[in-house]
Structures are given as C-alpha cells and as structure tokens.
Amino acid sequence: MTVDLDWENLGFEYHKLPYRYLSYYKDGKWDEGKLTEDATLHISESSPALHYGQQAFEGLKAYRTKDGSVQLFRPDQNAARLQRTADRLLMPQVPTDKFIDACKQVVKANEDYVPPYGTGATLYLRPLLIGVGDVIGVHPADEYIFTVFAMPVGNYFKGGLQPTNFLIQDDYDRAAPHGTGAAKVGGNYAASLMPGDIAHNTGFSDVIYLDPATHTKIEEVGSANFFGISKDDEFVTPLSPSILPSITKYSLLYLAEHNLGLKPVQGDVFIDDLDRFKEAGACGTAAVISPIGGVQHGDNFHVFYSETEVGPITRKLYDLLTGIQFGDVEGPEGWIYKVD
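Looking at an unreviewed UniProt entry, the protein chain carries the name Branched-chain-amino-acid aminotransferase, with the source organism given as Streptococcus criceti HS-6. What UniProt states about the protein chain under its Sequence similarities (unreviewed entry) heading is, verbatim, "Belongs to the class-IV pyridoxal-phosphate-dependent aminotransferase family." According to the UniProt record, the Cofactor (unreviewed entry) comment for the protein chain is "pyridoxal 5'-phosphate".

This is the structure in structure tokens:
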C-alpha cells in the first residue's frame, strides 16, 4: 500500500492509523491482548483514570533503516519506566515481554506508515495504561486497559536541530518535591499546560522548570530533560527525585563518555551558574536533541553557544544518537530491537 504523506514535512501531530493494540487486566491478570481497528476506548464513566488521574503513558519510536528494515530503540527501558510508574500509582505492571511484543505488533501492522529512511521522520508509539471500571471512591481500580497506538511524526520542535530559546519559570512548578515528578503520568503534563502556553505566547519554545523546593536549580525543559556541556568538557544533567528519568538522557550520558570522551555528571545545575556551560540542550524521545540558544530568567537573558548555530559537541551527540537509531552506526549491545 502506498501512503500519501509529505514525510519530510510532518509535524508532531496525531494520525489515526489502521491498527492499535489493546489488552485488559481483570481478576488479577492480563489477557493475551490483540490488535484492533477501533480507535475509541470504551470505559466506565467512573473510571479512576478520569477522576483521580490513575493513568500512565510512554513514548518511543520505530525507525526505518537504509536497507528498509524497521527497528525500535531501547523499548525494554520504556517498559521498565512504565513498570516503575505503575508501582507508584498502584497499577499492575505490564511485563516487559508483553510491552515489547505489543509495540512490535503495532509497528508491523502499520508498517506502511513507518516513514522512509532519509526523511528524518519516525513512527511514534504511545503506550497507555489506565485504571478503569466502576469506582467512585479514591482508591485504585480493579480493572485496567493497556493500549499502544502509533502515528508518523516529524520534529517535536519546529526547525529540527537548530537552537531555540526557552523561558525559565519561577511562578509555576512542574511537580511537587515528593510528588510524581519521576513518574510519567498525565497530571505532570496537565500542570505544565498553562506555563507552556505563557512561554509559547511570548515567543519561546517552552518552559524550563526549576526545582520545586528552592527554585535555585534547573530541573526539566518542558517535556524534555536538560543537559549542558561544561567548559571542562563535562556532560552535565540535573539529578533530582522530581525529574522524569529520560531514556534519551541516559543514552546520551553513555555516548558522551564512551564515544566522545566527556565526563558524565549528574548533579545540581544552579540557575546562577550557567556561565559554566559552553553548550546546552533539551533531550527526550519526542525532542531527540533540541539545542538551547538562550534562556530568559526574569530580566536576564543568557546565551549558551549561539542563538543561531548548533554547538559542535551537541551536533556530534545528535549525529551519533540518530545514527544508532536509524541503523547507520552500531550502538551498544542490546539497544536495538529489530521488528521482524
């Protein structure tokens, strides 16, 4: 089948594809799960996912390689993160094998929508775990739905690999100090909608959030993780219990050390010490790497490498990571899962 899409100009938008995966948890166990053409979830009006936010999700991508095959990047890590989130919200874990099999089934069933190699586009997968059933009290559900759907996407931030500017927020927090910041739950993203809208309306790509306890340290960049390249050639990322642990970030920490010889550092990134960095960026599954040109904090505007040019180390990291994801560079053992 020929799919009529402008692959090189895709945005990050929903597309209704032919198939998605659906599995039910009932009476203490998951069913086998199956593919379905029904894109509508049928749930009780009293489902805890709707009233009390008992839901979690993931994001990962399928990549078309030069030889036409399709592969996933570290889906076992997405499964592990979803399991940690499930534990935090008292939901049943989705076993790793089931998670990866579901993703592969969805990719194979919708393979015509995996963008061609060389376009820079990918097939984005959205696994979703929600508490359902007839519950009205504030307690965990007895029944759950696990679903995976997909869509072809382009760059999350317009323009791809080019620097953009971000707004540092003092007035809003992404998550509470001992809340669900390290879990990938919808409530964290609901809390980010208003500050994100403020940033977009004032000409910035997104918000940089400070630590919720002291507002002195950088934590997250919108829906991505922050990294900085120090003048001492350190690859620095914030470390905090309220940060979502990005699979892309941990991949970059490894590549920075083992392939580029940088010193990996997870620690505090104080807002009044940004001069230590010669480059900075945001990283995540959707964003991949988005170079940060400058940041606005109150009346001060700080520029890292450049507002118009990508720093050399950031570019090397981007080329290395995407090279592995698209099959042009051999990555560490276990990072790539072929979709047969």
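There is more to say, and it comes next.
Overview of helix H3 (residues 96-109)
For H3, which comprises 14 residues, the first-to-last C-alpha distance of 20 Å matches the rise-based estimate of 20 Å (1.5 Å per residue) to within 8%. Buried residues of H3: Lys98, Phe99, Ile100, Ala102, Cys103, Val106 and Val107, and no others.

A word on the side chain of Ser23
Note that Ser23 resides in strand S1 (residues 20-26). The buried category is assigned to Ser23, whose relative accessible area is 0%. One polar contact links Ser23 to Asp31, side chain to side chain, over a distance of 2.7 Å.

Digging into the side chain of Gln54
Relative to the assigned elements, Gln54 resides in the loop between helix H1 (48-51) and strand S4 (55-57). One polar contact links the side chain of Gln54 to the main-chain amide nitrogen of Ala141, over a distance of 3.1 Å. Excluding residues that lie within four positions of it along the chain, Gln54 makes contacts with Pro48, Ala49, Leu89, Leu90, Met91, Leu129, Ile130, Gly131, Pro140, Ala141 and Tyr144.

A look at the environment of Lys66
Relative to the elements of secondary structure, Lys66 occurs in the loop between strand S5 (60-64) and strand S6 (70-73). For the pair Lys66 and Phe326, spaced 260 residues apart in the sequence, the C-alpha separation amounts to 7.6 Å. When sequence neighbours within four positions are dropped, the list of residues in contact with Lys66 reads Tyr117, Phe326 and Asp328.

Calculation rules
Residues numbered from 1 in each chain as written. Predicted model: local features only at pLDDT ≥ 70, side-chain atom pairs only at ≥ 80, totals over all residues. Heavy atoms only, no water. UniProt positions renumbered as here; feature names shortened; annotations may be inferred. Helix = DSSP H or I, 4+ residues; strand = E, 2+ residues; numbered from the N terminus. Expected span 1.5 Å × (residues − 1). Buried < 20%, exposed > 50% of the residue type's maximum accessible area, 1.4 Å probe, protein only. Polar contact = N/O pair within 3.5 Å; in protein donor to acceptor, adjacent residues only side chain to side chain. Contact = heavy atoms within 4.5 Å.

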